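Chain by chain, the residues:
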Amino acid sequence: MKTYIAQKKDIKPRYLLIDASGKILGRLATRVARLLMGKDKVAYTPHVDQGDFVVVVNAANISFSGRKLKQKIFTRFSGYPGGLKEINLERMMREKPTEVVRHAIRGMLPKSRLGSQMLTRLRVYAGPEHPHSAQSPEVINI
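All values derive from a computational prediction rather than experimental measurement.

Peer 1: Just checking my understanding: could you explain the overall build of the protein chain for this structure?
Peer 2: Within the protein chain, the regular secondary structure consists of five helices and six strands. Ordered by position from N to C terminus, the α and β elements of the protein chain give β-α-β-α-β-β-α-α-α-β-β. Sorting the 142 residues of the protein chain into buried and exposed places 37% on the buried side. Within the protein chain, counting contacts between residues at least 6 apart in sequence, those at least 24 apart form 67% of the total. Total accessible area on the protein chain is roughly 9100 Å²; 53% of this is exposed by carbon and sulfur atoms. Put simply, the protein chain has 26 plus and 11 minus side-chain charges, and the middle of one group is 6 Å from the middle of the other.

Peer 1: Would you mind going over helix α4 (residues 97-106) with me for this structure?
Peer 2: Every α-helix carries 3.6 residues per turn, so stepping three or four residues along brings you back to the same face. Among the residues making up α4, those that are buried are Pro97, Thr98, Val100, Val101, Ala104 and Ile105. Buried residues of α4, viewed axially, fall in a sector of 160 degrees; they line one side. In this fold, the buried residues of α4 make contact with α1 (25-37), β3 (73-77), α3 (89-95) and β5 (122-124).

Peer 1: Before we go on, may I ask you to explain the environment of valine 101 in this structure?
Peer 2: In this structure, valine 101 sits in helix α4. For the pair valine 101 and alanine 134, spaced 33 residues apart in sequence, the C-alpha to C-alpha distance is 24 Å.

Peer 1: What am I meant to see in the packing of aromatic side chains here?
Peer 2: Think of a pair of aromatic rings as described by two things: how far the centres are apart, and how the planes are tilted against each other in angle. Enumeration over the complete set of coordinates arrives at one aromatic pair. Ring centres of tyrosine 15 and phenylalanine 53 lie 4.6 Å apart, and the angle between their planes is 5 degrees; this geometry places the pair in the stacked category. With tyrosine 15 in strand β1 (residues 15-19) and phenylalanine 53 in strand β2 (residues 53-57), this pair connects stretches of sequence that are 38 residues apart. A relative accessible area of 21% places tyrosine 15 in the partly exposed class.

Peer 1: Just to check I follow, could you spell out the environment of methionine 92 for this structure?
Peer 2: As for its position among the elements, methionine 92 is in helix α3. With relative accessibility at 13%, the residue methionine 92 sits in the buried group. A sequence separation of 19 residues divides methionine 92 from isoleucine 73, and the C-alpha atoms of the two residues are 9.2 Å apart.

Peer 1: Please clarify how the nonpolar core should be interpreted in this entry.
Peer 2: As a rule of thumb, nonpolar side chains are buried together in soluble globular proteins. Ranked by internal contacts, the top residues of the largest apolar core, which has 32 residues, are Val32 and Leu122. Tallying contributions element by element places α1 first for this core, with eight residues. Ignoring anything within four residues of it in the chain, the contact list for valine 32 reads Ile18, Val54, Val56, Ile105 and Leu122.

Peer 1: Sorry if this is basic, but what is going on with α1 here?
Peer 2: The first and last C-alpha atoms of α1 sit 18 Å apart over 13 residues, in line with the 18 Å expected at 1.5 Å per residue. Regarding α1, the residues found buried are Leu25, Leu28, Ala29, Val32, Ala33, Leu35, Leu36 and Met37. The elements touched by buried residues of α1 are β1, β2, α4, α5 (113-119) and β5. One or two residues past the end of α1 sits glycine 38, with phi positive at roughly 85 degrees.

Criteria and cut-off values
Residues numbered from 1 in each chain as written. Predicted model: local features only at pLDDT ≥ 70, side-chain atom pairs only at ≥ 80, totals over all residues. Heavy atoms only, no water. Helix = DSSP H or I, 4+ residues; strand = E, 2+ residues; numbered from the N terminus. Buried < 20%, exposed > 50% of the residue type's maximum accessible area, 1.4 Å probe, protein only. Contact = heavy atoms within 4.5 Å. Areas by Shrake-Rupley, 256 points an atom, 1.4 Å probe, with all protein chains shown as cover. Lys, Arg positive; Asp, Glu negative; His and termini not counted. Charge placed at Lys NZ, Arg CZ, Asp CG, Glu CD. Arc of directions from axis to C-beta. Phe/Tyr/Trp six-rings, centres within 6.5 Å; stacked < 30°, edge-to-face > 60°. Core = buried A, V, L, I, M, F, W, Y, C linked by side-chain atoms within 4.5 Å. Expected span 1.5 Å × (residues − 1).

Functional significance is not addressed by these values, which are geometric in nature.
Okay, structure coming up:
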């Protein structure tokens, strides 16, 4: 028996639309990461980028379990003394709700060039409007 390995010419990516309103962040992020990696396809090959384009709308209406809005903290470091910046989830959701979703999904993708390439196919919008109606995306219910 021969093992089938997906080739670039056989891959036909789709556009998928996901409404994030009322969804829990972690559960949404795992589902979107699987779609970006192409793990839902029959001929999944780990070293080939065969995922779909995913459009996430209503990122500002996402929900969280527990007391994460007050307790979860995002940190970044500039490399200089005193350069550690901290921001909690509640403030991040007010200022940049799309980055909260993108950060959660990025953490579930492979930590390689392939993962970075997969992340380029993700589009996140805070409201219900998106400019991808010409691609006629399929609506996915999670």
